[in-house]
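# Coordinate inspection notes
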Amino acid sequence: MQYTRDYIQKLKDTGHSGTAVNYNCAINSLVKFAKRETVDVLAMTSKFVQNWIDWIGEQPTPKGKSGGRAASLYFACLRAMHKRAHKEFNDEERGIIRIPFNPFAKVDVPKPKPTRKRALTMEQLRAIASVERPDTWDNKRFNLSCDAFMLSFMLIGMNAADLYDAPASAFDGERITYKRKKTRTRRDDEAEISVKVEPEVIHLVENCRDPKGERLFRFCRLYSDPGTFNAALNKGLKQVGKALGIEDLEFYAARHSWATIATNEAGIDKYTVHEALNHVDPAMKVTDIYIKKNWSNIDKANRAVLDLVFGKK
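Described in the following lines is the structure provided in the data block. (Residues numbered from 1 in each chain as written. Predicted model: local features only at pLDDT ≥ 70, side-chain atom pairs only at ≥ 80, totals over all residues. Heavy atoms only, no water.)

Another point: the packing of aromatic side chains. Applying the stated rule across the entire model yields 11 aromatic pairs. When the centroid spacing of 5.4 Å and the interplanar angle of 75 degrees are considered together, the rings of Tyr7 and Tyr23 count as edge-to-face. Remark: Tyr23 occurs in helix H2 (residues 17-34) and Tyr7 occurs in helix H1 (residues 2-13); sequence separation between them is 16 residues. Taken as a pair, Tyr7 and Tyr23 share a single burial class, namely buried. With a centroid separation of 5.5 Å and an interplanar angle of 70 degrees, the aromatic rings of Phe75 and Phe104 are classed as edge-to-face. You can see Phe75 sitting in helix H4 (residues 68-89) and its partner Phe104 sitting in the loop between H4 and helix H5 (122-130), a full 29 residues away along the chain. The exposure class of Phe75 is buried, given its relative accessible area of 6%. An aromatic cluster of at least three residues, connected via ring pairs, comprises Tyr164, Phe217, Phe219, Tyr223 and Phe229. (Phe/Tyr/Trp six-rings, centres within 6.5 Å; stacked < 30°, edge-to-face > 60°. Helix = DSSP H or I, 4+ residues; strand = E, 2+ residues; numbered from the N terminus. Buried < 20%, exposed > 50% of the residue type's maximum accessible area, 1.4 Å probe, protein only.)

What follows is the structure, given as structure tokens:
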């Protein structure tokens, strides 16, 4: 447990707070299951891990659903920590084998249910963009959530963490270029993406600018970290959803909505949608090495989506 908690602190220190939360939830679950704060690595047998996974599946979630997704996520975190320890403390060349086996290979982990589709209709998106925003202290989070949601949608699903972290230099007056925080450490191109700032969104970009000019947006002045910012957005969006009759409105719906409209309504090919969302298509990975980055197809795709939702510019 302590080995994992030390790693969690390293994640926090290097700005990977979201990943740190996942590992923290996983290790806390293991502590609760084992009913103690220490577990010897040699006690991590296949039977022990399987019993833990089965126990997670029996635990009620806040909404009374099964723990399948939690089991899959926590299993992945613990397996990664075991692999890290195996690499650090074993030395096969010198015959030093402190961790002699892999208990995870024989464990059956329930497959999580497919992610709930969060895409909104074009009418719902227009309603969020035009909802009345009373200028009172009680409505600050309501208003901020609307602004951030529309920023994300019109900037091709820009994540809350990237809205929070983007430096002032990311915007050159015409484009916002940034490296997606979620995947920048796992990609050779550091997950760089460049989005043209269309006329519909320029006023939001300017209104949300960081007054100190250190970051692009002022969200860092209002919340201590991206996780707190994201949580506040989702609380505010619940209020927005209640006002507009949109059930369980979440911030990630902006990204899902852009992808769905681009594919189903605007007729954008899936490869361009993948590229616009800053995903990697494994089938095209080798080909991408030879192709110079060009953002024009993404610009056209976003323009097509915005034309459909808000009318021709």
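Glancing now at the packing of helix H6 (residues 140-154) against helix H10 (residues 226-244). One can describe the packing of H6 onto H10 by two numbers: an axis separation of 8 Å at closest approach and a directional angle of 100 degrees. Taken as axis vectors, H6 and H10 run roughly perpendicular relative to one another. Here Arg141, Phe142, Leu144, Ser145, Cys146, Ala148 and Phe149 of H6 lie close against H10, whose contacting residues are Phe229, Ala232, Leu233, Lys235, Gly236, Leu237, Gln239, Val240 and Ala243. Among the residues making up the contact of H6 with H10, the classes are represented as 11 nonpolar, 3 polar and 2 charged. (Axes fitted to C-alpha atoms, helices over the stretch in contact; angles between N-to-C directions. Parallel < 35°, antiparallel > 145°, perpendicular 65-115°, else oblique. Contact = heavy atoms within 4.5 Å. Nonpolar A, V, L, I, M, F, W, Y, C, P; charged D, E, K, R; others polar.)

For the rest of this paragraph, the subject is the pattern of salt bridges. If you walk through the whole model with that rule in mind, you get 13 salt bridges. A salt bridge links Glu123 to Arg126, with the nearest nitrogen and oxygen atoms 3.8 Å apart. Placement of both Glu123 and Arg126 in helix H5 is noted, with a separation of 3 residues, approximately one turn of the helix. A salt bridge links Lys238 to Asp248, with the nearest nitrogen and oxygen atoms 3.4 Å apart. Within this pair, whereas Lys238 is found in helix H10, its partner Asp248 is found in the loop between H10 and helix H11 (253-265), the two being separated by 10 residues in sequence. Among the residues examined, Lys238 registers a relative accessible area of 35% and is labelled partly exposed. Within the structure, one salt-bridge network assembled from shared partners comprises Glu198, Glu200, Arg303 and Asp307. (Salt bridge = Lys/Arg side-chain N within 4 Å of Asp/Glu carboxyl O.)

With 61 residues, the main nonpolar core has Phe149, Leu151, Phe153, Ile176, Phe219 and Trp258 as its most contacted residues. The biggest single contributor to this core is H6, with 9 residues. What Phe149 contacts, discounting residues up to four positions off in sequence, is Leu120, Leu125, Ile128, Leu237, Leu249, Glu250, Phe251, Ala253 and Ala254. Tyr7, Ala20, Trp55 and Tyr74 belong to the second largest nonpolar core, which has 27 residues in total. (Core = buried A, V, L, I, M, F, W, Y, C linked by side-chain atoms within 4.5 Å.)

The terminal C-alpha atoms of helix H3 (residues 46-58), which comprises 13 residues, lie 19 Å apart, in line with the 18 Å expected from a rise of 1.5 Å per residue. Those residues of H3 not exposed but buried are Phe48, Val49, Gln50, Trp52, Ile53, Trp55 and Ile56. (Expected span 1.5 Å × (residues − 1).)

Note that every value here comes from positions in space, so none of it alone points to a role or purpose.
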